[in-house]
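# An overview of the molecular structure
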Amino acid sequence: MDEVITAADASSIARSMSSGSSIIPYNLPLLSAFLSFALAQFLKLFTTWYKEKRWDSRRMLGSGGMPSSHSATVTALAAAIGFQEGTGGVMYDASGVRLHAGRQAELLNQIVCELPPEHPVSNVRPLRDSLGHTPLQVVAGGVLGCVVAYLMRDST
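Predicted model, so just to flag it, every value in this text is computed and none were measured.

### Some words on the packing of aromatic side chains
Counting across every chain of the model gives three aromatic pairs. With 5.5 Å between their ring centres and 85 degrees between their planes, Phe 46 and Trp 55 make a pair best called edge-to-face. A relative accessible area of 38% means that Phe 46 is categorised as partly exposed. Classification of Trp 55 as exposed rests on a relative accessible area of 54%. A cation sits over an aromatic face here: Lys 53 above Trp 49, 5.3 Å from the ring centre. Over the ring of Tyr 50 we find Lys 53; its NZ or CZ atom is 5.0 Å from the centre of that ring.

### Here we look at the environment of Thr 73
The residue Thr 73 is located in helix H3 (residues 69–85) in this model. Distance from Thr 73 to Ala 33, taken between C-alpha atoms, is 4.6 Å for residues 40 residues apart in sequence. Not counting chain neighbours up to four residues away, the residues in contact with Thr 73 comprise Ala 33, Ser 36 and Phe 37.

### With respect to the packing of helix H2 (residues 28–52) against H3
Between H2 and H3, the shortest axis-to-axis distance is 8 Å and the interhelical angle comes to 155 degrees. Regarding the angle of H2 to H3, the classification is roughly antiparallel. Of the two possible hands of crossing, H2 and H3 adopt the one that is right-handed. Facing H2, whose interface residues are Leu 28, Pro 29, Leu 30, Ser 32, Ala 33, Ser 36, Phe 37, Ala 40, Gln 41 and Lys 44, H3 presents Ser 69, Ala 72, Thr 73, Ala 76, Leu 77, Ala 80, Ile 81 and Gln 84.

### A short note on the environment of Asn 123
Considering the arrangement of structural elements, one finds Asn 123 in the loop between helix H4 (90–113) and helix H5 (135–155). With 11 residues separating them in the primary sequence, Asn 123 and Val 112 have C-alpha atoms 8.4 Å apart.

### Things to note about the nonpolar core
Core analysis: the largest hydrophobic core is formed by six residues, namely Leu 28, Ala 40, Ala 72, Leu 144, Val 148 and Met 152. Among the secondary structure elements, those contributing two or more residues to this core are H2 and H5. If one sorts the elements of this core by residue count, H5 sits on top with three residues. Residues in contact with Val 148, not counting those within four places in the same chain, are Ser 32, Leu 35, Ser 36 and Leu 39.

### Observations concerning the pattern of salt bridges
Within the structure shown, the criterion is met by one salt bridge. Its salt-bridge partner being Arg 54, residue Glu 52 comes within 2.7 Å of it at the nearest N-O pair. Judged by its relative accessible area of 38%, Arg 54 falls in the partly exposed class.

### Describing the confidence of the model for the chain
When pLDDT is averaged along the chain, the result is 74, and 69% of the positions lie at 70 or above. The lowest-confidence element of the chain is helix H1 (residues 7–21), averaging 51 in pLDDT; the highest-confidence one is H2, averaging 88.

How each quantity is defined
Throughout, residues of each chain are indexed from 1 in the direction in which the sequence is written. Only residues with pLDDT of at least 70 get local features here, since the model is predicted, and only at 80 or more are side-chain atom pairs given and counted; chain-wide, interface and lining totals rely on the full set of residues. Derived side-chain values reflect all non-hydrogen atoms in the structure, with water molecules and hydrogen atoms excluded from consideration. Geometry of aromatic contacts follows a simple scheme: Phe, Tyr and Trp rings, the Trp one being its six-membered ring, pair when their centres are within 6.5 Å, and the pair is stacked under 30 degrees between planes, edge-to-face over 60, tilted otherwise. Each residue's exposure class comes from its accessible area (1.4 Å probe, protein chains only) as a fraction of the maximum for that residue type: buried when under 20%, exposed when over 50%, partly exposed otherwise. Criterion for a charge above a ring: Arg CZ or Lys NZ at most 6 Å from the ring centre, at most 35 degrees from the ring normal. Only runs of H or I of at least four residues qualify as helices and only runs of E of at least two qualify as strands under DSSP, and these elements are numbered from the N terminus. By definition in these notes, contact holds between two residues if any of their heavy atoms fall within 4.5 Å. A fitted line through C-alpha atoms serves as each axis, taken over the contacting stretch for helices, and the angle formed by two N-to-C directions is quoted from 0 to 180°. Comment on the angle field: the value is read as roughly parallel under 35 degrees, roughly antiparallel over 145, roughly perpendicular from 65 to 115, and oblique elsewhere. It is the rotation of the near helix from the far one that decides the hand of a crossing: anticlockwise by less than a right angle makes it left-handed, clockwise makes it right-handed. What we call a nonpolar core is a set of buried Ala, Val, Leu, Ile, Met, Phe, Trp, Tyr and Cys residues that are connected through their side-chain atoms within 4.5 Å. Every case where a carboxyl oxygen of Asp or Glu lies within 4 Å of a side-chain nitrogen of Lys or Arg is listed as a salt bridge. pLDDT runs from 0 to 100 and stands for how confident the predictor is about each residue.

Below you can see the structure in the form of structure tokens.
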């Protein structure tokens, strides 16, 4: 015989799913971080087009660029935890260490290009120079992360 689910049964099932007994637990900070990362990577398509007047889909998978997905992810995670648990230096990495490492790679690539062709290092593959972010890119990523975490908090 076919089973019939009443409105009361459906309501109790929905309550049990939202109370954390589902197979995949609802983790607001983790979801906020993933959504911020994906949104920041997607927005890089448009910021690259605005700046360089060309579409470059590789920007969605690469590091560097506007906004900083690293800052957006970390800020969304921290803000969501703060919203969920209350409030009681990672941005430094994005704007400081990685930015300067990228500038050093750019300079080293320029030095290698100026070497004579017979030099053993002249045929080395260039270093990636788009590692870090400018302060504006970090701030944009941080704002994006806060907005996503705040909106995710209100959606529950």
